Amino acid sequence: MKTDNKQKYLYIEGCNSISLAKKYGTPLYILSQRKIEERCIKIKDVFSNKFENTSAFYASKAFLTMAMCKIIEKQGLGLDVVSGGELYTALKAEFPTSNILFHGNNKSYEELSLAIENNISRIIVDNIYELKLIEEISSELHKKTNILFRLTPGVTSITHKHIDTGRKDSKFGIPLEIDTILEAVKVALDSNNINLKGFHFHLGSQLFDNITYLKAIDIVFELIKFLKDDINFTTEELNTGGGYGVSYQKKEIEKPLEYFIESIMERVYKNCNEYKLIIPKVSIEPGRWIVAHAGTTLYTIGNIKEISGIRTYAAIDGGMTDNPRPSLYGAKYFGEIANKIDQEKKYKVTISGKCCESGDILIEDLDVPKITPGDILAVYSTGAYNFSMASNYNKNIRPAVVLVKDGESEIIVERQSYEDLLRGERLPKEFKNLK
Ligand SMILES: Cc1ncc(COP(=O)(O)O)c(C=O)c1O
Ligand SMILES: N[C@@H](CCCC[NH3+])C(=O)O
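In this text, all values refer to a predicted model and were calculated from it rather than measured experimentally.

(A) How the structure looks around the overall build of the protein chain. Secondary structure summary: the protein chain contains twelve helices and 21 strands in total. Here the C-alpha atoms of the protein chain give a radius of gyration of 24 Å, agreeing with the 22 Å that 2.2 N^0.38 yields for 435 residues. Once the C-alpha set of the protein chain is aligned to its principal axes, its extents read approximately 70 × 60 × 40 Å. Each of the 435 residues in the protein chain was classed as buried or not, and the buried ones make up 54%. Taking the contacts inside the protein chain whose residues are at least 6 apart along the sequence as the reference set, 69% of them involve residues at least 24 apart. For the protein chain, the exposed area adds up to about 20,200 Å²; of that, 49% sits on carbon and sulfur atoms.

Quick look at the structure:
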């Protein structure tokens, strides 16, 4: 971010944020293409181009549009999708299906059929029920489907409880119990329509410590070794999930990507060496780390309410509908007044959303200059899990998404209209003729 000559306005990728707010309206999601590309390049430098037989996927649940598919494809990363809708978006964007992974803990028959018909690269199988569906569909379609099993390694990470997924008590994955896994592996190996390539784990999201990754790798390698010795099964692939944390506030310190990657790769090599196993192809699938910092959301400040001796609320024209993370996970964001970037921050305000919920608070105690209604608030690092988790609660419309690059801006998702809100609604017969 830089400011203009007068140091008055916030600029994002050479675009004046106030002009963007005027042109496209607020709330407005702004996405920097350059920042996404930089992160992809870093992944290639640190991981996929550095280590042999590796591949990186973008976890599209963090932010997915057809434009994003194109950006990711151009960078040569694969895509991880988690629903029929995400897969459909990727297919519509003509993302190469040979580079798509399909996740999910309860994929439907229709979703699996769409994936198998389109020859997507790997299905990450969450449970034996799903395995049987895949077998049935693959056999009907005369396909041989490549799969990995998602394992729950039983390690607990330091993060919000709702996004800690590797612990034993998790709705995701096959528990690391040898009988259950052996059964799953045998069903897969006995099938003519399934090709079991290996295993996957994902420990959680917004992680800042590599310890759980290392523990999980050791645990999974015990299994890999057991399967080699017991049934001579060779694990060709190991997907270690995503989860690398980002700092939402200036004072937090983000761990460099190398911190995770180097230790993950070292630990894989160490296990292979000790157990005399061939080194499997290692994959990663970060979402947040790629796109969070590429996003900024602009809001217009409306009512300012001072409660003497308690606090001042500044209400914005969005809130938990475009960014549910503070109310869901207590996430903390940082923001600035985009039209007063040069002014001294002498005041504290609490940024409140416009939803009918007391919990709809975006930022508590933000330092700001003197603010007035009409000021534009920029909230940073909103690229991940904001647009993708947006809702129409209170029949608020979803903001537009604008892509910025080299001083140019372009709409990639239109702002919803009130008409969009009613799309699909029908009046029952009884009321059809009412005016
Ligand atoms: C299976 C899987 N892979 C990858 C991710 C991406 O996580 P993150 O955005 O934290 O990198 C998630 C979400 O937590 C996930 O569930
Ligand atoms: N939605 C979560 C991340 C979930 C990741 C998917 N397992 C967040 O905003 O932090």
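(B) Seen up close, the site of ligand 2. Every residue near ligand 2 is listed here: K61, I163, S205, R288, R325, Y329, Y385 and M389. Between ligand 2 and R288 there is a distance of 2.7 Å, counted from an oxygen atom to a side-chain nitrogen or oxygen. Notes on ligand 2: free accessible area 310 Å², of which the protein chains cover 84%. Partitioned by chemical class, the residues of the shell around ligand 2 number four nonpolar, one polar and three charged.

(C) Representation of the UniProt feature "domain: Orn/DAP/Arg decarboxylase 2 N-terminal" (unreviewed entry) in the protein chain. In the numbering adopted here, UniProt assigns the feature "domain: Orn/DAP/Arg decarboxylase 2 N-terminal" (unreviewed entry) to residues 34–292. As annotated, residues 34–292 has a helix share of 44% and a strand share of 16%, and its two end C-alpha atoms lie 13 Å apart.

(D) How the structure looks around the packing of aromatic side chains. Enumeration over the complete set of coordinates arrives at eleven aromatic pairs. Plain terms: the ring middles of F51 and Y269 are 6.3 Å apart, the flat faces sit at 55 degrees to each other, and that makes the pair tilted. Residue F51 is found in the loop between α2 (33–48) and β5 (54–59), and its partner Y269 is found in helix α9 (residues 257–275); the two are separated by 218 residues along the sequence. With a relative accessible area of 13%, F51 lands in the buried category. Judged by centre distance (5.8 Å) and plane angle (40 degrees), the rings of Y213 and Y244 are tilted. Of this pair, Y213 sits in helix α8 (residues 211–231) while Y244 is found in the loop between β12 (237–239) and α9, placing the two residues 31 residues apart along the sequence. Pair check on accessibility: Y213 and Y244 agree, each one buried. Taken together through their ring pairs, the aromatic side chains of Y213, Y244, Y259 and F260 make up a single cluster. Positioned above the aromatic ring of W289 is the side chain of R39, whose terminal nitrogen or guanidinium carbon lies 4.0 Å from the ring centre. Cation over ring: K370 sits above Y347, and NZ or CZ is 5.6 Å from the ring centre.

(E) A look at the site of ligand 1. Surrounding ligand 1, one finds 15 residues, the nearest of these being H202, S205, E285, R288 and Y385. Taking G243, its main chain carries an N or O atom lying 2.8 Å from an oxygen atom of ligand 1. The backbone of G287 places a nitrogen or oxygen atom 2.9 Å from an oxygen atom of ligand 1. Contact with the protein chains covers 92% of the free accessible surface of ligand 1, which is 390 Å². Of the residues that constitute the shell around ligand 1, the class distribution is three nonpolar, seven polar and five charged.

(F) Expanded view of the UniProt feature "binding site: pyridoxal 5'-phosphate" (unreviewed entry) in the protein chain. According to UniProt, the positions carrying the feature "binding site: pyridoxal 5'-phosphate" (unreviewed entry) are G243, E285, P286, G287, R288 and Y385. With respect to the helices and strands, the residue E285 is situated in the loop between β13 (281–284) and α10 (288–291). A relative accessible area of 5% means that E285 is categorised as buried. Ignoring sequence-local partners within four residues, the contact set of E285 consists of F57, A59, D80, L101, H103, H200, N239, G241 and G242. Polar contacts involving the side chain of E285 include one to the side chain of H103, which spans 2.9 Å. Tracing the backbone shows G287 in the loop between β13 and α10.

(G) Structural context of the pattern of salt bridges. Following the criterion strictly, the structure yields 20 salt bridges and no others. D229 is paired through a salt bridge with K225; the nearest N and O atoms lie 3.0 Å apart. Note that D229 and K225 are positioned in helix α8 at a spacing of four residues, about one turn of the helix. What makes K225 partly exposed here is its relative accessible area of 25%. Each of the salt bridges in this network shares a partner with another, and the network as a whole consists of E13, R34 and E38.

(H) Focus on the environment of Q206. Position of Q206 relative to the elements: it lies in the loop between β11 (194–200) and α8. Taking the C-alpha atoms as reference points, Q206 and I284, separated by 78 residues in sequence, lie 15 Å from one another. Every residue in contact with Q206, bar those within four places of it in the chain, is listed here: I158, T159, I163, G243, G245, V246, Y248 and R288. For Q206, the side chain forms a polar contact with the main-chain oxygen of V246, separated by 2.9 Å.

(I) Examining the side chain of N323 more closely. With respect to the secondary-structure elements, N323 resides in the loop between β15 (311–316) and α11 (325–329). Side-chain polar atoms of N323 contact the side chain of N386, separated by 3.2 Å. Dropping the residues within four chain positions of it, N323 is found in contact with Y299, Y333, L362, T382 and N386.

What counts, and at which threshold
- Residues numbered from 1 in each chain as written.
- Chains lettered and ligands numbered in written order.
- Predicted model: local features only at pLDDT ≥ 70, side-chain atom pairs only at ≥ 80, totals over all residues.
- Heavy atoms only, no water.
- Helix = DSSP H or I, 4+ residues; strand = E, 2+ residues; numbered from the N terminus.
- Rg over C-alpha atoms; globule rule 2.2 N^0.38 Å.
- Buried < 20%, exposed > 50% of the residue type's maximum accessible area, 1.4 Å probe, protein only.
- Contact = heavy atoms within 4.5 Å.
- Areas by Shrake-Rupley, 256 points an atom, 1.4 Å probe, with all protein chains shown as cover.
- Near = heavy atom within 4 Å.
- Polar contact = N/O pair within 3.5 Å; in protein donor to acceptor, adjacent residues only side chain to side chain.
- Nonpolar A, V, L, I, M, F, W, Y, C, P; charged D, E, K, R; others polar.
- UniProt positions renumbered as here; feature names shortened; annotations may be inferred.
- Phe/Tyr/Trp six-rings, centres within 6.5 Å; stacked < 30°, edge-to-face > 60°.
- Lys NZ or Arg CZ within 6 Å of the ring centre and 35° of its normal.
- Salt bridge = Lys/Arg side-chain N within 4 Å of Asp/Glu carboxyl O.

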